[in-house]
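What follows is each chain in one-letter form.
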Amino acid sequence: SMASPALLMRVVASAYSVAEKAATIVRNVMSAGDLGIVEKAGPNDLQTKADRLVQMSICASLARKFPKVTIIGEEELPTDDVTEDLIEDGHCEEILKKPCPAQYTGIKEEELVIWVDPLDGTKEYTEGLLDHVTVLIGIAYGGKAIAGVINQPYYNYEAGANAVLGRTIWGVLGMGAFGFQLTEAPAGKHIVVTTRSHSSALVNECITALNPDHVIRVGGAGNKVIQLIEGKASAYVFASPGCKKWDTCAPEAILHAVGGKLTDIRGNSFQYNKEVKHMNSAGVLATLRNYDYYASRIPNTVKESLVP
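Source: prediction; values computed, not measured.

Calculation rules
Residues numbered from 1 in each chain as written. Predicted model: local features only at pLDDT ≥ 70, side-chain atom pairs only at ≥ 80, totals over all residues. Heavy atoms only, no water. Pairing = 2+ DSSP bridges. Helix = DSSP H or I, 4+ residues; strand = E, 2+ residues; numbered from the N terminus. Axes fitted to C-alpha atoms, helices over the stretch in contact; angles between N-to-C directions. Contact = heavy atoms within 4.5 Å. UniProt positions renumbered as here; feature names shortened; annotations may be inferred. Buried < 20%, exposed > 50% of the residue type's maximum accessible area, 1.4 Å probe, protein only.

Turning to the sheet that holds strand 10 (residues 214–217), a few remarks are in order. Taken in spatial order, the five strands line up as 10-9-11-13-12 in an open sheet, and their pairing is mixed. Edge positions in the open sheet fall to strand 10 and strand 12 (261–263), since each of these has one partner strand only. Here the average twist between neighbouring strands, direction ignored, is 20 degrees. When strand 9 (residues 191–194) meets strand 11 (residues 235–238), the two strands line up parallel, connected through two bridges. Bridged to Val192 within strand 11 is Ala235. In the packing of helix 5 (residues 201–209) onto the sheet, contacts are made with strand 9, strand 10 and strand 11, and the angle to strand 9 comes to roughly 170 degrees. Across the sheet, helix 6 (residues 221–229) touches strand 9, strand 10, strand 11, strand 12 and strand 13 (284–287), and the angle it forms with strand 11 is around 150 degrees.

Below, the structure is given as structure tokens:
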């Protein structure tokens with residue numbers, strides 16, 4: 001008989017279904033009309049009922065199946081019993097059928113860390129910029145982001161009544177990434193995607209130094225990495241502290257799975273072991289191609305201002 005699928009593939013297959021359940025919760029909260037908005041650190045740091053319910057759903061569903069995995073979510077929530085209607089027990093068969101990359105076949109549950117952003121782009125969600133919103137489930141091993149799932153609950157939401165709403169993108173290092181059409185940005189064009197609501201003098205100084213042809217300002221780290229892999233932007237540049245490990249883990253894994261690169265603004269790799277600090281204090285620099293072109297143009301003054 002066939003050997004049972006490797007743990008990593010079972011975790012990714014479950015995370016896929018868990019992310020689809022999350023998307024349903026996100027859409028249901030929005031259509032019910034009461035977002036239950038709470039300010040955390042200020043008006044740009046919001047939490048909604050969707051953030052809370054989705055995190056409970058993702059963390060409880062994965063913890064039930066993989067009890068020894070460390071799961072770290074954005075929101076600080078009570079770990080009371082989660083209602084059964086939030087539990088997703090399914091998995092994606094198609095993912096289970098794919099062979100696990102050899103370097104990951106022996107992984108044990110206690111060696112994995114899952115970083116969860118239940119709703120990346122909360123501010124945009126509250127403002128109705130629904131295409132910015134993603135659900136992020138990143139999977140790390142040995143401190144490295146090795147697999148990720150990004151769900152866009154509102155993908156296609158402007159395509160009319162008969163369009164299928166939402167999509168799930170997933171990837172594993174050494175295997176590739178799926179659920180989208182990999183596209184390179186126009187050759188010779190320097191299109192920078194950056195923050196929409198967390199701008200600063202430093203953020204703008206850094207972008208100016210890159211002399212871009214065009215700047216796109218959107219919410220969400222997941223959304224920005226999707227802009228890279230779909231060829232809408234050539235670099236994601238954020239010269240500021242503010243994003244956290246749960247923002248970058250899943251997108252980094254997917255970007256790296258297709259040959260891209262994501263680091264802090266100084267070129268350091270991120271570490272995702274469970275002991276690391278949550279804040280990415282030195283910002284983000286990411287590209288699908290031509291990483292060195294952008295890295296070489298980040299001003300030293302910017303690098304010196306951002307301490308990892």
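The next subject is the UniProt feature "binding site: Mg(2+)" (unreviewed entry) in the protein. On the UniProt side, "binding site: Mg(2+)" (unreviewed entry) is annotated at positions that read Glu74, Asp117, Leu119, Asp120 and Asp247 here. Across 174 residues, the annotated set stays spatially compact, with a maximum C-alpha separation of 9.7 Å. Note that Asp117 resides in strand 4 (residues 112–120). The residues contacting Asp117, other than those within four sequence positions of it, are Glu74, Thr134, Val135, Leu136, Trp246 and Asp247. Looking at the secondary structure, you find Asp120 in strand 4. Overall, Asp120 belongs to the buried group, its relative accessible area being 5%. With residues near it in sequence (within four places) discarded, Asp120 still touches His132, Val133, Thr134, Leu136, Gly220, Ala221, Gly222, Asn223 and Asp247.

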